[in-house]
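A closer look at the structure
So the chains spell out like this:
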Amino acid sequence: MPSRSANRNVRLPDVLASRPSGGNTVDDPGSRTLRRGLQVLDAVLAQGREGARVVDLCRAVALERATVYRLLAALLDGGYVAQRGRFRYVPGPGWRPWPSPPASPTWPCGCSPCWSA
C-alpha cells in the first residue's frame, strides 16, 4: 500500500517542479510583493515633499488601486511613508536615505586606503 501524506493534493515532486530553475525567484509571490512595495516607495520618494496622490502612484507603478493601498498600509506601518491629507503620501519618519560617504575619509590609524591615488 503506498504511503499517504498529510495532504493528498500536494506532492513533493509537484512543489519542486513548480519552482523556476536556477534558483531564480522572479515569480515568487513574496519577491513580487517586495518588488512592488519598493516600486511604490520609489514613486513616493520621487514626488518629494509635496507628496504623491494614490492615482499618481497607481499610474507610476502600473498597479490596481487596491494593491497600492495594501502596499501603502504596510509602508505606513513601518513608518516609511506618512499620509498627508486624505489621498497624499509623503516620505515618512522611518525613511532615512543612506548617508553619502565623506569626500576625503579620515582613517584613525593614519593610513590611507590602497585605492586612493
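Just above sits the structure.
Presented here is a report on the structure given in the accompanying data block. All values reported here derive from a predicted model rather than from experimental measurement.

Considerations on helix α3 (residues 54–61)
Within α3 the residues assigned to the buried category are Val54, Leu57, Cys58 and Val61. Mapping the buried residues of α3 onto a view down its axis gives an arc of 100°, with all of them on the same face. For α3, the exposed residues set more than 90 degrees away from the buried face come down to Arg59 and Ala60. Buried residues belonging to α3 abut α2 (29–47), β1 (52–53), α4 (65–78) and β3 (88–91). Two residues or fewer after α3 comes alanine 62, characterised by a positive phi angle close to 55°.

Comments concerning the nonpolar core
Leu57, Val68, Leu72 and Val81 are the most contacted members of the largest nonpolar core, which has 16 residues in total. Once residues lying within four places of it in the same chain are set aside, the contact partners of valine 68 are Val54, Leu57, Cys58, Val61 and Leu63.

What to know about the sheet that holds strand β2 (residues 81–84)
Hydrogen bonding along the main chain pairs the strands of a sheet, whether they run parallel or antiparallel. The strand order β1-β3-β2 describes an open sheet built from three strands, whose pairing is antiparallel. Each of the sheet's edge strands pairs with one partner strand only, and the pair in question is β1 and β2. Strand direction decides the pairing type here: β2 and β3, joined by four bridges, are antiparallel. Across the sheet, alanine 82 pairs through a bridge with valine 90, a residue of β3. The sheet contacts of α4 involve β2 and β3, and relative to β2 the element is tilted by about 110°.

A few points about unusual backbone geometry
The backbone of alanine 62 sits at a positive phi, close to 55°, despite the residue not being glycine. Here alanine 62 shows up in the loop between α3 and α4. For alanine 62, a relative accessible area of 66% corresponds to the exposed category.

Brief notes about the pattern of salt bridges
Counted by the stated rule, this structure contains two salt bridges. When the shortest N-O distance is used, the salt bridge between arginine 53 and aspartate 56 registers 3.0 Å. Using a relative accessible area of 35% as the deciding quantity, one classes arginine 53 as partly exposed. Residue classification places aspartate 56 among the partly exposed residues on the basis of a relative accessible area of 26%. One connected set of salt bridges, linked through shared partners, spans Arg53, Asp56 and Arg59.

Criteria and cut-off values
Residues numbered from 1 in each chain as written. Predicted model: local features only at pLDDT ≥ 70, side-chain atom pairs only at ≥ 80, totals over all residues. Heavy atoms only, no water. Buried < 20%, exposed > 50% of the residue type's maximum accessible area, 1.4 Å probe, protein only. Helix = DSSP H or I, 4+ residues; strand = E, 2+ residues; numbered from the N terminus. Arc of directions from axis to C-beta. Contact = heavy atoms within 4.5 Å. Core = buried A, V, L, I, M, F, W, Y, C linked by side-chain atoms within 4.5 Å. Pairing = 2+ DSSP bridges. Axes fitted to C-alpha atoms, helices over the stretch in contact; angles between N-to-C directions. Salt bridge = Lys/Arg side-chain N within 4 Å of Asp/Glu carboxyl O.

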